[in-house]
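Okay, here's what each chain looks like letter by letter:
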Amino acid sequence: MTFFARFMRSSLTSARRAICSSSYSQQNRLRCEFDKVAKRSEKRCLTTASYSYGDYGFYNNPSRCKASVLLGASFAFLGFFENKEEEKEPAVITTIKRSILLIQKGEFKKAEQMLHIALRQAQSLQNEDGITYVYDVMANLAFEVGEFEKAEKLFRSVMQRILAAGTPQDDLKIVHMSLKMAKILESKGDLLNAENGYQFCMKILQDHIDKGTEDIDIITLWSMNLDWYAHLLLNMARYSEAMNFMQKAYDLCVKLNGELHEQCVVLLNDLGSISFMKGNLDEAIEYLNKAAEIGKQLPDMEDIASIHVNLGNVYLKKGLLDEAKKCCAKGWKLSKDKNNYESLDEAKACLDEVNKLLTK
């Protein structure tokens, strides 16, 4: 049975095991620090309607990721939303637009309430496309706020509806939702089925890439697939494979955006993380130094402090305490300047460890 068939029949049951427990080894603690940069970046990139992957913004948006479901191509997909200029905008469209604005502002509870109103309006009109679109936005909103059981059910409903309307299984809308479902499976700890999901998406997207597509939606989705699959492989301790896919994701990010881009910096951090886990500390330092240097030119980058702390942790692992202290102090200052309290805690923990070793 294919991943797609299993997904359409099954529900999610397992919970992800945390790796940041204080009882873990120093290597796992440091791995957790590396992973926080990627997770914070990823958290800001999750919510995008499946009908409009170009809005994902993970690679091709100069301001990186907006936790939002945007208008535009999504509405063009649905004939329901096409109106002549002189016609009054239907109430359901106005309601959906308001819900999306609330999502953009981070007012998720109000957005969900507004979407339920939009759903009732679409149902009263018996407009199947409108109902499907609202379900899709609801699914992505649930995904954003971590309500994975709800997101899984809604994504399944959207898939069933568009398949019944004649959409083929290899359509990019299906791939986009399947990719997010694989991410949900990974977050639940079902790594085997998550891998099947990533590979299902990768096979379809690879066919497009091999044909030389220049479609930015496909390339962006491919980039996301490479990145997320690499993180799964990292979680499974398959470091060489993870490095291969992460390097591809990084190369594609540079190709799409140029080297001076926040997501490229995050991917350099990830490459440093994999190198660290493989025991290649010098290589990890090289990647993280490059990330830190590029980050100097991105003054608005929120997570740059954590990259300095990560670099300090690698120096700490090597026993280079002076270098470690310098990097962690830099991370502490940047965290303080940006009021980034999570990074501040990371920097303080690093400095405490360095000072403890220096006083021995």
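Residues numbered from 1 in each chain as written. Predicted model: local features only at pLDDT ≥ 70, side-chain atom pairs only at ≥ 80, totals over all residues. Heavy atoms only, no water.

A.B. asks: Give me the lowdown on the packing of aromatic side chains, citing residues and values where you can.
C.D. replies: Within the structure shown, the criterion is met by 4 aromatic pairs. Seen in terms of ring centroids, Phe143 and Phe155 are 6.2 Å apart; in terms of plane orientation they differ by 75°. Their pairing is edge-to-face. With Phe143 in helix 6 (residues 128–144) and Phe155 in helix 7 (residues 148–164), the pair connects residues that are 12 residues apart, well separated along the chain. We classify Phe143 as buried; its relative accessible area is 1%. With centroids separated by 6.0 Å and ring planes inclined at 50°, the aromatic side chains of Tyr198 and Tyr229 adopt a geometry described as tilted. Of this pair, Tyr198 sits in helix 9 (residues 191–210) while Tyr229 sits in helix 10 (residues 216–235), and the two are 31 residues apart along the sequence. (Phe/Tyr/Trp six-rings, centres within 6.5 Å; stacked < 30°, edge-to-face > 60°. Helix = DSSP H or I, 4+ residues; strand = E, 2+ residues; numbered from the N terminus. Buried < 20%, exposed > 50% of the residue type's maximum accessible area, 1.4 Å probe, protein only.)

A.B. asks: Can you break down the environment of Lys150 residue by residue, with the values?
C.D. replies: For Lys150, the location among the structural elements is in helix 7. Put simply, Lys150 and Asn140 are 10 residues apart on the chain and 9.9 Å apart in space, counted from C-alpha to C-alpha. Dropping the residues within four chain positions of it, Lys150 is found in contact with Glu112 and Ala142. (Contact = heavy atoms within 4.5 Å.)

A.B. asks: Can you lay out unusual backbone geometry for me, pointing to particular residues and giving the numbers?
C.D. replies: Despite not being glycine, Gln126 shows a phi value in the positive range, around 55°. Among the secondary structure elements, Gln126 is positioned in the loop between helix 5 (108–125) and helix 6. Residue Gln126 is classed as exposed on the basis of its relative accessible area, which comes to 67%. A positive phi angle, near 60°, is found at Ala237, a position not held by glycine. Assignment of secondary structure puts Ala237 in the loop between helix 10 and helix 11 (239–257). Its relative accessible area of 44% is what places Ala237 among the partly exposed residues.

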